[in-house]
Amino acid sequence: MNGKSPEFARRRAFLGTLLAGIGAVLGAAALYPVWRFLAPRKGAEAQDQVALSRDQVPLGGAHFFNFRGRPAVVLQTRAGHFTAFSAVCTHLGCVIQWQAAEQRFLCPCHAGLFSADGTVLGGPPPRPLESLAVTLRDDQILVG
Amino acid sequence: MSLRKLVVDWLDVRLGIRDLLEQNLTNYLLPRNINIWYTLGAVLLTLFGLQFVTGILLLVYYVPDTEQAFASVQAIMNEVPYGWLIRNLHAVGSNLIVVALLLHMLSVLFMNAYKKPRELTWLSGFLIFNLTLALCLTGYLLPWSQLSFWATTVATEAPGAIPVIGDDIVRFLRGGAMVGDTTLGRFFALHVMGLPLVFGLLVGFHLFCVRRAGVSRPPFGPDYRGEPERFTFEHEHHAGGIPFFPNYAVKDGAVICFFLAVLAALVFFAPNLFIPPSAFEPADPFVTPPRIKPEWYFLWAYQTLKVFPSELIGLGIQGVFMTLLALLPFLDRSAERRPARRPLFVVCFVLGIVVFIGISVWGHLS
């Protein structure tokens, strides 16, 4: 067989494409389960509402809890008045601390300061804390 | 095409990659009468690679703690997407590896490829075989099922028959008097890190030996000629043979595909062929399930121990047999490699297979 004939080259290209195609399909079939196996699952983070008992949040104090897989905080600034925020600092993602004496949040990473209503008082944070919806039902606080 | 040339050119300047590929693929010639049994090495390499990948994936979700191990394996099987696939590939794949290993060893034995100058290849292969069995044994415990627990109890009990130091060996293997947390800890460390590390080095050495000495010529056909007695190292060339790539690589690929198809068929249609029901109950150290048996490839050892009145004699016979097998190339020193000219060897070979199967079936039925 003449290795340089156009007929041979065409067959060769066809076979090459065919093999590459089959290889790609098989490769995808092998990688898809691995991708799904490793991909984080949504179910765990999708609890819509978190219910807390009013007793857990002291007056003038804060209570930290897990909200949809991330830390969050609920405050009781005045008697019976509750607010909730994401406890993740808007600067680089550290978790803020509640300073009861000053009634403000401090981010320990780069000294970001937030007021009790979430606005930035000082430091590097570019945005106020993300505010979360709070509803009261009987003696429960529902967040989200 | 030009991109490929660009990449190859870049690598070629730095690593001399064209020369390497030529030496090891296209200009690497194999004996003209090479047969299909020589593909089993490539098959094993593929299957071990698959174990490596699926093992790392399982490690993502497995928890090596006696309280949580069983539940974590159940979660992998029932909750993690495609977890059942990854786990079954790993568990069924290990059985297929033992099949391929036995076939590989038997073909090397039958074609007398273990003889001088390939003693080191045989010896490293023999160690790889034993390490594989150790990997199978240590991996068996990890799901912490009834099967795991009691199979490990029975397996680690065997050295207890050795006089004086037997009980200490058993305690050392288990990390305590009974199989428990400490056993899981050491078996886990061995299974995922210790054994694979040594295993990888040995496989590297084994392949180095094969490549360095050159593939043995199948001892068949009218053109076969005995090998000259050698006193210095010489790579065995096969002038006029077939190139490894593409000619033999295609055959390798075909047999690899066959084994992968068997693996897929087992995983999809008979995943529990090798997994008895006691694998689906969590381990209970106070309840021994009835009729506890080892895996099929340990049945011969299990039955040998039962047949002899003293466990020590049974262990001794296994030890002698394995030692003989390891040292075979140093004991069997004749240069003749054609099975047709070695009737005594062939009789031993066939009898060995028959006895192995016979004892295993007996062990299974008893």
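Once a new chain begins, its residue numbering starts again from 1 and follows that chain's sequence as written. A letter from A marks each chain and a number from 1 marks each ligand, given out in the order of writing. Reporting in this predicted model follows two pLDDT cut-offs: at least 70 for local features of residues, and 80 or more for side-chain atom pairs to be given and counted; totals over whole chains, interfaces and linings ignore these cut-offs and use all residues. Side-chain measures were taken over the full set of non-hydrogen atoms in the model, leaving aside hydrogen atoms and water.

1. Digging into the overall build of chain A
Then step 1. Secondary structure follows DSSP: runs of H or I at least 4 residues long count as helices, runs of E at least 2 residues long count as strands, and numbering of each begins at the N terminus. Helix and strand counts for chain A stand at one helix and 11 strands.
Then step 2. Secondary structure of chain A in N-to-C order comes out as α-β-β-β-β-β-β-β-β-β-β-β.
Then step 3. Computation of the radius of gyration draws on C-alpha atoms alone. For the globule rule, the value is 2.2 Å times the number of residues to the power 0.38. Since a compact globule built from 144 residues should have a radius of gyration of about 15 Å, the 28 Å found for chain A marks it as more spread out than a globular shape.
Then step 4. If you line up chain A on its principal axes, its C-alpha atoms span 95 × 35 × 15 Å.

2. Notes on the confidence of the model for chain B
All names here are of chain B.
Then step 1. Confidence in the prediction of chain B, expressed as mean pLDDT, is 94, and 100% of residues score 70 or more.
Then step 2. Confidence scores differ between elements of chain B, with helix α11 (residues 299–307) showing the lowest mean pLDDT of 90 and helix α3 (residues 40–61) the highest of 98.
Then step 3. Listed scores for the predicted complex are pTM 0.89 and ipTM 0.87. Values of pLDDT, the confidence the predictor places in each residue, fall between 0 and 100.

3. So, the pattern of salt bridges
Then step 1. When a carboxyl oxygen of Asp or Glu is within 4 Å of a side-chain nitrogen of Lys or Arg, the pair counts as a salt bridge. Taken as a whole, this structure holds 12 salt bridges over all chains when the rule is applied.
Then step 2. Among the salt bridges present, the one from E7 of chain A reaches R11 of chain A, with a minimum N-O distance of 3.3 Å. With a gap of four residues between them, E7 of chain A and R11 of chain A both fall in helix α1 (residues 6–38), about one helical turn apart.
Then step 3. R18 of chain B is paired through a salt bridge with D12 of chain B; the nearest N and O atoms lie 3.2 Å apart.
Then step 4. The exposure class assigned to R18 of chain B is partly exposed, which follows from its relative accessible area of 36%.
Then step 5. Looking at D12 of chain B, the relative accessible area reads 23%, which means it is partly exposed.
Then step 6. Salt bridges linked by common partners bring K5, D9, D12 and R18 of chain B together as one network. In this scheme, a residue with accessible area under 20% of its type's maximum is buried, one over 50% is exposed, and one in between is partly exposed, where area comes from a 1.4 Å probe on protein chains only.

4. Some remarks on the interface of chain B and chain A
Then step 1. On the side of chain A, eight residues touch chain B, which itself brings 12 residues to the contact.
Then step 2. Throughout this description, a polar contact denotes any pair of N or O atoms lying within 3.5 Å of each other; where both atoms belong to protein, one of them has to be capable of donating a hydrogen while the other can accept it, and for residues adjacent in sequence the pair is counted only when both atoms sit in side chains. Where chain B touches chain A, the interface holds one residue pair in polar contact (both at pLDDT 80 or more).
Then step 3. Listed by contribution, the elements that provide at least two residues to the side of chain B that touches chain A are α3 and α5 (83–110) of chain B.
Then step 4. The biggest single contributor to the side of chain B that touches chain A is α3 of chain B, with four residues.
Then step 5. Charged means Asp, Glu, Lys or Arg here, nonpolar means Ala, Val, Leu, Ile, Met, Phe, Trp, Tyr, Cys or Pro, and polar covers whatever is left, Gly included. The class makeup of the residues in the side of chain B that touches chain A is 10 nonpolar, one polar and one charged. Contacts are residue-level and defined by heavy atoms, with any inter-residue pair within 4.5 Å sufficient.

5. What to know about the packing of aromatic side chains
All names here are of chain B.
Then step 1. Aromatic rings from Phe, Tyr and Trp, taking only the six-membered ring of Trp, are treated as a pair when their centres fall within 6.5 Å; an angle between ring planes under 30 degrees marks them as stacked, one over 60 as edge-to-face, and anything in between as tilted. Overall, the coordinates contain 20 aromatic pairs over all chains when judged by the stated rule.
Then step 2. Through pairs of rings, three or more aromatic residues link up here, namely F110, Y114, W122, F220, F345 and F349.
Then step 3. Cation over ring: R211 sits above Y28, and NZ or CZ is 3.9 Å from the ring centre.
Then step 4. Charge-over-ring contacts are defined here by two conditions on Lys NZ or Arg CZ: a distance within 6 Å of the ring centre and an angle within 35 degrees of the ring normal. Here the basic side chain of R342 rests over the ring of F345, its NZ or CZ set 4.6 Å away from the ring centre.

6. Things to note about the nonpolar core
Residue and element names in this part refer to chain B.
Then step 1. Counting residues in each nonpolar core, the largest one holds 46 residues, and the members touching the most others are L47, Y114, W122, F199, F259 and L263.
Then step 2. For this core, the secondary-structure elements that each account for two or more residues are α3, α5, α6 (119–141), α9 (181–213), α10 (244–269), α11, α12 (311–331) and α13 (343–365).
Then step 3. When residues of this core are assigned to their parent elements, the largest contribution, 11 residues, is made by α5.
Then step 4. L58, I76, L142 and A283 belong to the second largest nonpolar core, which has 19 residues in total. Grouping buried Ala, Val, Leu, Ile, Met, Phe, Trp, Tyr and Cys residues that are joined through side-chain atoms within 4.5 Å yields what is termed a nonpolar core.

7. Notes on a nonpolar patch on the surface
Residue and element names in this part refer to chain A.
Then step 1. Among the surface-exposed residues, F14, L15, L18, I22 and L26 lie close enough to one another that they form a single nonpolar patch of about 520 Å² accessible area.
Then step 2. Within the fold, L18 resides in helix α1.
Then step 3. According to the relative accessible area criterion, L18 is partly exposed, its value standing at 43%. Patch rule: a residue counts if its relative accessible area is over 30% and it has no salt bridge; like charges are joined within 9 Å, and nonpolar side chains (Val, Leu, Ile, Met, Phe, Trp, Tyr) within 5 Å. Here the accessible surface of atoms and residues is derived via Shrake-Rupley with a 1.4 Å probe, and residues count as covered only by protein chains that are part of the display.

8. Regarding the sheet that holds strand β11 (residues 140–143) of chain A
All names here are of chain A.
Then step 1. With antiparallel pairing, three strands are arranged side by side in an open sheet as β1-β11-β10. At either margin of the open sheet sits one strand with a lone partner, and together these are β1 (50–53) and β10 (134–137). Neighbour to neighbour, the strand axes of the sheet diverge by 30° on average, direction disregarded.
Then step 2. Only when DSSP finds a minimum of two bridges between them are two strands counted as paired. As defined by bridge partners, β1 adjoins β11 across four bridges and the pair is classed as antiparallel. Bridge assignment links L52 to a residue of β11, and that residue is I141. Only C-alpha atoms enter the line fits that serve as axes; for helices the fit covers just the stretch in contact. Angles between N-to-C directions range over 0 to 180 degrees.

9. Brief notes about the pairing of β10 of chain A
Then step 1. Across four bridges, β10 of chain A lies against β11 of chain A in antiparallel orientation. Of the residues in β11 of chain A, the one forming a bridge with L136 of chain A is I141 of chain A.

10. What about the packing of α5 of chain B against α13 of chain B?
All names here are of chain B.
Then step 1. Close contact between α5 and α13 brings their axes to 11 Å; oriented N to C, the two are set at 160°. Comparing their axes, α13 and α5 come out roughly antiparallel. Along this stretch, α5 crosses α13, giving a crossing that reads as right-handed. Where α5 approaches α13, its residues L102, L106, L109 and F110 are matched on the opposing element by F345, V346, F349, I353 and F356.
Then step 2. Split into classes, the residues belonging to the contact of α5 with α13 amount to nine nonpolar, no polar and no charged. For classification, angles of less than 35 degrees are called roughly parallel, those exceeding 145 degrees roughly antiparallel, those between 65 and 115 degrees roughly perpendicular, and all remaining angles oblique. Throughout, a crossing is termed right-handed when the near helix is turned clockwise from the far one, and left-handed when it is turned anticlockwise from it by less than a right angle.

11. Observations regarding unusual backbone geometry
Residue and element names in this part refer to chain B.
Then step 1. Backbone torsion omega between K116 and P117 reads 10°, so that peptide bond is classified as cis.
Then step 2. Tracing the backbone through its elements, the reader meets P117 in the loop between α5 and α6.
Then step 3. Note that the residue after F245, namely P246, is joined by a cis bond; omega there is 5°.
Then step 4. Structurally, the position occupied by P246 is in helix α10.

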